[in-house]
Amino acid sequence: MPHSLQDTEEDGAVRVDASGHLVVTPDLRRLFDYYLSATGEEDLSVIRARILASLRAKDLPASAMDEAVRLLDDYLAYRDAARTFAANQRGAEQDLGARLESLKELRREHLGPWADGLFGEEEQVDAVAVERMKLEKDTALTPEERARRLAELDDKLPDTYRASRDEALRPLQQQAVERELQESGATAEDLRQHRLATVGPEATERLEAMDREEADWKRRLTDFRARREALRQSEQDPTARQAAVQRLLFDTFSPEERLRVEALDAIDAANAP
């Protein structure tokens, strides 16, 4: 295994229906991407062989295995085309909605009906996000009309996405209330009593555990960014530098945390002057 994947667990999953055919889901894409994250450390042919070995180890029916191999090759071709597409888009005058629509067409061109299984839910979320941006900028709408139409957009989101989003937002909503209490002079004990009164003792314990985890996360993120910057300054070779940063990322964070780091980096890049 490449260094960046050592001591990690394979991400994603493969599903097969009752007829022995492959069920294409985002989990299968996550499996492909788990191994493809080592791009730069290993040749693509080696990575492809690793993915095939993983698929064979799952003892799939012959029809499902054949479909998985075809899908993998189509997915690799799509990724290559997507990189070319992204390079051609740099500096181009095209809004986000048009770019996403072009990307959607590119996926159907290379993946056919399999694109829905791999990207369908993500595309639904992206489409809602684009429409939400338009509504937020529409000065002709009254606040009430905007709120109504935003709620209608929310209904278009996949159920699984809404459930996970609401679950993720619940602690943030609690934090917003607590921040207001702190700004009004509440003590740590006041906050604890508020939690006990509003969410109960078990949830209070979970929230306190989250506080500790968040403090640990911030410490590790700060340390990672300092070490990453040191690598960028000390390693002159671009390929070696990329591989070293990738190893540091995989050594420091779990798969879920790596996604969070990448999202924070993207936000920082977008907000950079």
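Right, let's walk through the structure included here. Model, not experiment: these values are computed from the prediction.

So, on to the overall build of the protein chain. The helix and strand tally for the protein chain stands at 10 helices and two strands. Listed by position from the N terminus, the elements making up the protein chain come as β-β-α-α-α-α-α-α-α-α-α-α. The principal-axis extent of the C-alpha atoms belonging to the protein chain is close to 60 × 50 × 45 Å. For the protein chain, the proportion of its 273 residues judged to be buried stands at 30%. Computed over 41 positive and 59 negative side-chain charges, the inter-centroid distance for the protein chain is 2 Å.

A few words on the side chain of E67. If you trace the backbone, E67 turns up in helix α3 (residues 62–89). In this structure E67 is buried but unpaired, with R70 as the nearest side chain of opposite charge at 4.8 Å.

A few words now on helix α8 (residues 188–234). Spanning 47 residues, α8 covers only 43 Å between terminal C-alpha atoms, well under the ideal 69 Å at 1.5 Å per step. Of all the bends in α8, the greatest, near 120°, is centred on V199, and the proline P201 appears no more than four residues after it. Of all the positions in α8, only L191, R195, G200, A203, T204, L207, W217, R220, L221, F224 and R228 are classed as buried.

Ranked by internal contacts, the top residues of the largest apolar core, which has 34 residues, are F32 and L55. For this core, the secondary structure elements donating two or more residues are α1 (26–36), α2 (44–57), α3, α4 (96–111) and α5 (114–137). Sorting elements by how many residues they give to this core places α3 first, with 11 residues. When near neighbours in sequence (up to four residues on either side) are disregarded, F32 contacts I51, L55, A68, L71, L72 and Y75.

In this model, helix α9 (residues 238–252) (15 residues) spans 21 Å end to end at C-alpha, consistent with the 21 Å of a helix rising 1.5 Å per residue. A side-chain oxygen of the first residue of α9 lies 3.3 Å from the backbone nitrogen of T239; this N-cap is D237.

Moving on to the pattern of salt bridges. Side-chain pairs of opposite charge can arise whenever the charged atoms involved come near each other. Summed over all chains, the structure comprises 25 salt bridges. In this structure, R83 and D80 form a salt bridge, with 3.5 Å as the shortest nitrogen-oxygen distance. Linking R83 with D80, this pair stays in helix α3, spanning three residues, or about one helical turn. Exposure remark for D80: the relative accessible area of 44% places this residue in the partly exposed category. Between E257 and R220 there is a salt bridge, with the nearest N and O atoms lying 2.5 Å from each other. With a gap of 37 residues between them, E257 in helix α10 (residues 255–271) and R220 in helix α8 connect regions that are remote in the sequence.

This part covers the environment of A86. Here A86 is to be found in helix α3. Relative accessible area serves as the criterion here: at 39%, A86 is assigned to the partly exposed category. In this structure the C-alpha to C-alpha distance between A86 and D74, which are 12 residues apart in sequence, comes to 18 Å.

For the rest of this paragraph, the subject is the packing of aromatic side chains. A ring pair, where both rings are aromatic, is described by two values, the distance of the centres and the angle of the planes. This structure, assessed with the given rule, holds seven aromatic pairs. Through pairs of rings, three or more aromatic residues link up here, namely F32, Y75, Y78 and F119. Its end group placed over the ring of F250, R258 keeps NZ or CZ at 3.6 Å from the ring centre.

Okay, the packing of α5 against helix α6 (residues 143–154) next. Interaxial distance between α5 and α6 falls to 10 Å at its minimum, and their mutual angle equals 180°. Between α5 and α6, the interaxial angle falls into the category roughly antiparallel. Counting all contacts with α5, which are made through V128, E131, R132, L135 and E136, the residues of α6 involved are R146, R149, L150, L153 and D154. Of the residues assigned to the contact of α5 with α6, the class counts are four nonpolar, no polar and six charged.

Mapped onto the fold, D95 is located in the loop between α3 and α4. Residue classification places D95 among the exposed residues on the basis of a relative accessible area of 52%. In the structure, D95 is positioned 145 residues away from A240 in sequence and 35 Å away in space, judged by C-alpha atoms.

Here D7, not a glycine, exhibits a phi torsion of approximately 65°, which is positive. We classify D7 as exposed; its relative accessible area is 85%.

With that settled, the discussion passes to the environment of R260. Counting through the fold element by element, R260 comes out in helix α10. R260 gets classed as partly exposed once you look at its relative accessible area, which sits at 37%. With residues near it in sequence (within four places) discarded, R260 still touches E214 and W217.

Conventions used here
- Residues numbered from 1 in each chain as written.
- Predicted model: local features only at pLDDT ≥ 70, side-chain atom pairs only at ≥ 80, totals over all residues.
- Heavy atoms only, no water.
- Helix = DSSP H or I, 4+ residues; strand = E, 2+ residues; numbered from the N terminus.
- Buried < 20%, exposed > 50% of the residue type's maximum accessible area, 1.4 Å probe, protein only.
- Lys, Arg positive; Asp, Glu negative; His and termini not counted.
- Charge placed at Lys NZ, Arg CZ, Asp CG, Glu CD.
- Salt bridge = Lys/Arg side-chain N within 4 Å of Asp/Glu carboxyl O.
- Expected span 1.5 Å × (residues − 1).
- Bend = angle between axes of the 7 residues up to and from the residue.
- Core = buried A, V, L, I, M, F, W, Y, C linked by side-chain atoms within 4.5 Å.
- Contact = heavy atoms within 4.5 Å.
- Polar contact = N/O pair within 3.5 Å; in protein donor to acceptor, adjacent residues only side chain to side chain.
- Phe/Tyr/Trp six-rings, centres within 6.5 Å; stacked < 30°, edge-to-face > 60°.
- Lys NZ or Arg CZ within 6 Å of the ring centre and 35° of its normal.
- Axes fitted to C-alpha atoms, helices over the stretch in contact; angles between N-to-C directions.
- Parallel < 35°, antiparallel > 145°, perpendicular 65-115°, else oblique.
- Nonpolar A, V, L, I, M, F, W, Y, C, P; charged D, E, K, R; others polar.

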